[in-house]
Structures are given as structure tokens and as C-alpha cells.
Amino acid sequence: MAKRDAEAGAEPPDDYLEAAIQRLLTENTEIAEQGITVTRRDHSVVLCGEVESAQRREEILRLVLERFPQVPVTVDIGLIRTQAPTEVEELR
Amino acid sequence: MVIRIAAVGDVHLDQDVVGRFRPALEELPDTADVLLLAGDLTRHGTESEARCVATEFGGLGVPVVAVLGNHDYHCDEVPAVIRVLEDAGIVVLEGTNVVLDCTGVRLGIAGAKGFGGGFAGRCASEFGEPEMKDFVRTTSAISEQLGVALREMDCDVRVALTHYAPVPDTLAGEPPEIYPFLGSYLLGQAIDSAPTELALHGHAHAGSERGTTPGGVRVRNVAHPVIKQAYSVFHLHPPYAGATAGKVSAVSASGIS
């Protein structure tokens, strides 16, 4: 069964792939992101987290697709907001 | 006299981020006495990224005090990174301290990057392979410096600034398996060795905001992905730790009376 799925390109990504993507996002200095989680779903990998710019999100997707072209990737990465705070914390 | 402290960590600056924080930062002279940066100022520690930090966080009209984070160490350009930041007027603490005059109140800030090792009952020990001993010794040495830097200050209010976490409370949300890479109880012990009012750190992007040390010092994780705003502002009200037996005792005493 697993073999047939693999031939059909539907084999679920394994632990090693998850680790490889995680390390790629950290160790590639064009990315250097440690805060992106890599989660396996049934037939794809979901990249989740928040980054400081839209360019970084695009670069993450580009790099992962380039390095793992056979893996379906879903990107759910947001931009971290940078508005001034509207409340302060009073520490008494 | 209330001390107003603005703080953020993990801003990971490079060219693509310059200008994003600035509109909020321009408000600081009206809302805070000092801005503290809790490390990981750059994307991976290059001199050019440090120039982006200098552009974004320099010339704000309030003192800016920073520690470095692990990202700022990656390219082995730490001396150049520090030089660029200091040239922009940013004070960089590495096991050192600075005392600022905030309209008559002496605010002491002791800072260190910190390092990993884990927390009581689940921590690394200085035992076994040289690499393991070096790992723990690094944290021990940094924590020792932080403790001395906190205790030796002649000031009215003490704040501890680190990149790595001094308590596990503010890591809630991170996988427990990686806690030993996110902080060390030795930092908490150093913070508790002085009458510290507040401890700020970053590094744990998926962590949570609030915690306390075993000694009762309030701890806040100000990593940018955690606070989800340009910076957080804390108002420190007197009486300050050290002027009394500590906040916890003070509250208990008033409750009894």
C-alpha cells in the first residue's frame, strides 16, 4: 500500500523531511528563521508562524519549493504587527 | 515616581524590515523613559544588519539599552555589531550594567545574552563530554556575570535584561522538549540574587508573556512574535524591590494589617 502511494506521489512526508525543512529554514542565512513550525498533514506539509516582512514569507516558500519540489506545501505564515501599544502594564 | 519601560526583543532586522517599527518608535519620548531591546536584533548577526538596527532604533529621543541574542552571534561579527550599535547611541550590555537617571530615580539595568541548559529538575549538568561541560559552563559564567552586574549597581530600581529565558513560565506554548535550548534556571537564580524589580527576555517566539522567578520577581517575555506590537510598556510603581522586603512580602503585610 505504502509502495503504491509512493509511486503515485501521495506518500505522506516523513519525520526526516520535517526535520530537513526545519533545519533549512534556520541554517540558510537568507532565511534564518527559528520560529516556523513544520507540521505534516495527510498529504502535505504546513509551514506556520510569523515573520517580520512579506519578502521573508515569499523567500521561505520559494526555498522550500526549490529544495523539495515533490512535496505539496501549504504556507500559513503571517506578518507580525508593529503598531504602538494601546495599553500599558501597571506593575505595582 | 513611576518608571516607564518600553521593551521588545527578536526584531530580526535586515533591509526588508527597516521602517516598519519607526512610526511606533517615534511615540516613545511621550510614553517611555527607556527602550530595552532583548536580543536577536539582527537576522543573523552581520555588520550590515546592525546598521539597519542603528537606523531603526537610533536617535529615538529616549535611551536605548540592548543585549544581543543568538542570531546576533551567528556570523561571528559580534565586535563589529556592537560597535555599529554603540555608534548609534545604543548601550549594549554583555554581563554589564548601566544606571540611568529617570527624573530623579536611578534606574539600573543589568543585561546579558544568557544561554540554555534548562530548568530545575530537567536541566543539563556539568558532567561527561567536554562539549557538554562547555555548554553548561557557558551558562554558568554568563549567569554569574549577570548576578554580579545586578548586585553591584548603586540604584533605586533594578531591571534584568536577557535574551534567553530565566524561568519556564514564559515558555508556555513552546514544545517542552526544547526548553533546555530556550533558557536556564541559573539566570533566574542570578536575578533572584538581587532585589530585582522586573526581568525581561525574548527568544521564545511561541512562548507566553508572564511569569515569576522562584524569588517572586516578575518576568516578561517581550519577543516580538509574543507581544504582537512594536513594543510593550511597563509602568514600575514604588515602593521598589529592595526598598521593602519585596513585592510579595509587601502585599502579604498589607493583607495582614
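Fair warning: this is a prediction, and the values are worked out from it, not measured in the lab.

Some words on helix H3 (residues 54-67) of chain A
Residues and elements named next belong to chain A.
Right, on to step 1. In this model H3 runs 20 Å from its N-terminal to its C-terminal C-alpha over 14 residues, within 8% of the 20 Å that 1.5 Å per residue would give.
Right, on to step 2. For H3, the complete set of buried residues consists of Arg 56, Ile 60, Leu 63 and Val 64. Taken end-on, H3 shows its buried residues confined to a sector of 95°, consistent with a single buried face. H3 presents Gln 55 and Glu 58 as exposed residues on the side facing more than 90 degrees away from its buried surface.
Right, on to step 3. Residues of H3 that are buried in the fold lie against helix H2 (15-27), strand E2 (45-51) and strand E3 (73-79).

Regarding the interface of chain B and chain A
Right, on to step 1. The partner chain A presents 24 residues to the 33 residues of chain B that form the contact.
Right, on to step 2. Approximately 2700 Å² of surface area, both sides summed, lies buried where chain B meets chain A, with 46% of it carried by carbon and sulfur atoms.
Right, on to step 3. Of all residues in chain B, Arg20(B), Arg43(B) and Lys228(B) give up the largest surface area on contact with chain A, accounting jointly for 23% of the area buried on that side.
Right, on to step 4. The interface formed by chain B and chain A contains five salt bridges.
Right, on to step 5. Salt-bridge contacts for Glu50(A) lead to Lys228(B); the nearest nitrogen and oxygen are separated by 2.8 Å.

Brief notes about the nonpolar core
All names here are of chain B.
Right, on to step 1. Leu 35, Leu 36, Phe 57, Ile 109, Leu 200 and Tyr 231 are the most contacted members of the largest nonpolar core, which totals 60 residues.
Right, on to step 2. In this structure, Leu 35 is in contact with Ala 6, Ala 7, Leu 25, Leu 28, Phe 57, Leu 60, Val 62, Pro 63, Val 64, Val 65 and Tyr 231, ignoring residues within four places of it in sequence.
Right, on to step 3. In terms of nonpolar packing, the next biggest core, distinct from the first, is built from 18 residues, Ile 142, Ala 149, Val 167 and Ala 190 among them.

Quick notes on the side chain of His71(B)
Right, on to step 1. One can find His71(B) in helix H4 (residues 70-73).
Right, on to step 2. You can call His71(B) buried: its relative accessible area is 7%.
Right, on to step 3. For His71(B), the side chain forms a polar contact with the side chain of Gln34(A), separated by 3.2 Å.
Right, on to step 4. Here the side chain of His71(B) touches His12(B) through a polar contact of 3.4 Å, side chain to side chain.
Right, on to step 5. In contact with His71(B), other than residues within four places in its own chain, are Ala32(A), Gln34(A), His12(B), Asp40(B), Thr42(B), Arg43(B), His44(B) and Gly45(B).

So, helix H6 (residues 130-151) of chain B
Residues and elements named next belong to chain B.
Right, on to step 1. With 22 residues, H6 ought to run about 32 Å at 1.5 Å a step, and its terminal C-alpha atoms sit 31 Å apart, in line with that.
Right, on to step 2. Those residues of H6 that sit buried are Val 136, Thr 139, Ile 142, Ser 143, Leu 146, Gly 147, Ala 149 and Leu 150.
Right, on to step 3. Along its buried surface, H6 packs onto strand E5 (96-102), strand E6 (105-112), strand E9 (157-162) and helix H7 (185-192).

Description of the side chain of Gln229(B)
Right, on to step 1. Relative to the helices and strands, Gln229(B) resides in the loop between helix H8 (224-227) and strand E13 (232-236).
Right, on to step 2. Engagement of the side chain of Gln229(B) in a polar contact is seen with the side chain of Ser232(B), the distance being 3.2 Å.

Considering the pattern of salt bridges
Residues and elements named next belong to chain B.
Right, on to step 1. All chains considered together, the criterion is met by 20 salt bridges over all chains.
Right, on to step 2. For Arg 106, the salt bridge is made with Asp 156, and the minimal N-O distance between the two is 2.9 Å. Residue Arg 106 is located in strand E6, and its partner Asp 156 is located in the loop between H6 and E9; the two are separated by 50 residues in the primary sequence.
Right, on to step 3. Accessibility expressed as a relative area gives 29% for Asp 156, which makes it partly exposed.

Observations regarding the sheet that holds strand E4 (residues 90-92) of chain B
Right, on to step 1. One open sheet holds the six strands; their spatial order is E4(A)-E13(B)-E1(B)-E2(B)-E3(B)-E4(B), and the pairing between them is mixed. Two strands close off the open sheet at either side, each with one partner strand: strand E4 (89-91) of chain A together with E4 of chain B. On average, adjacent strands in this sheet sit at an angle of 25° to one another, irrespective of strand direction.
Right, on to step 2. Alignment of strand E1 (residues 3-8) of chain B against E13(B), held across five bridges, turns out to be antiparallel. For Ile3(B), the partnering residue across the bridge sits in E13(B) and is Leu236(B).

Digging into the confidence of the model for chain B
Right, on to step 1. When pLDDT is averaged along chain B, the result is 94, and 94% of the positions lie at 70 or above.
Right, on to step 2. Contacts for the low-pLDDT stretch residues 248-257 of chain B, under 50 throughout, to residues beyond four places or in other chains number two contacts.

Quick look at unusual backbone geometry
Residue and element names in this part refer to chain B.
Right, on to step 1. Going from Pro 238 to Pro 239, the amide bond is cis rather than trans, its omega being 5°.
Right, on to step 2. Residue placement: Pro 239 occurs in the loop between E13 and helix H9 (247-256).
Right, on to step 3. Phi is positive for Asp 40, which is not a glycine, with a value near 55°.
Right, on to step 4. Examined against the element boundaries, Asp 40 turns out to sit in the loop between strand E2 (34-38) and helix H3 (47-57).

Parameters at a glance
Residues numbered from 1 in each chain as written. Chains lettered and ligands numbered in written order. Predicted model: local features only at pLDDT ≥ 70, side-chain atom pairs only at ≥ 80, totals over all residues. Heavy atoms only, no water. Helix = DSSP H or I, 4+ residues; strand = E, 2+ residues; numbered from the N terminus. Expected span 1.5 Å × (residues − 1). Buried < 20%, exposed > 50% of the residue type's maximum accessible area, 1.4 Å probe, protein only. Arc of directions from axis to C-beta. Contact = heavy atoms within 4.5 Å. Buried area = accessible area lost by both parts, 1.4 Å probe. Salt bridge = Lys/Arg side-chain N within 4 Å of Asp/Glu carboxyl O. Core = buried A, V, L, I, M, F, W, Y, C linked by side-chain atoms within 4.5 Å. Polar contact = N/O pair within 3.5 Å; in protein donor to acceptor, adjacent residues only side chain to side chain. Pairing = 2+ DSSP bridges. Axes fitted to C-alpha atoms, helices over the stretch in contact; angles between N-to-C directions. pLDDT = per-residue confidence, 0-100.

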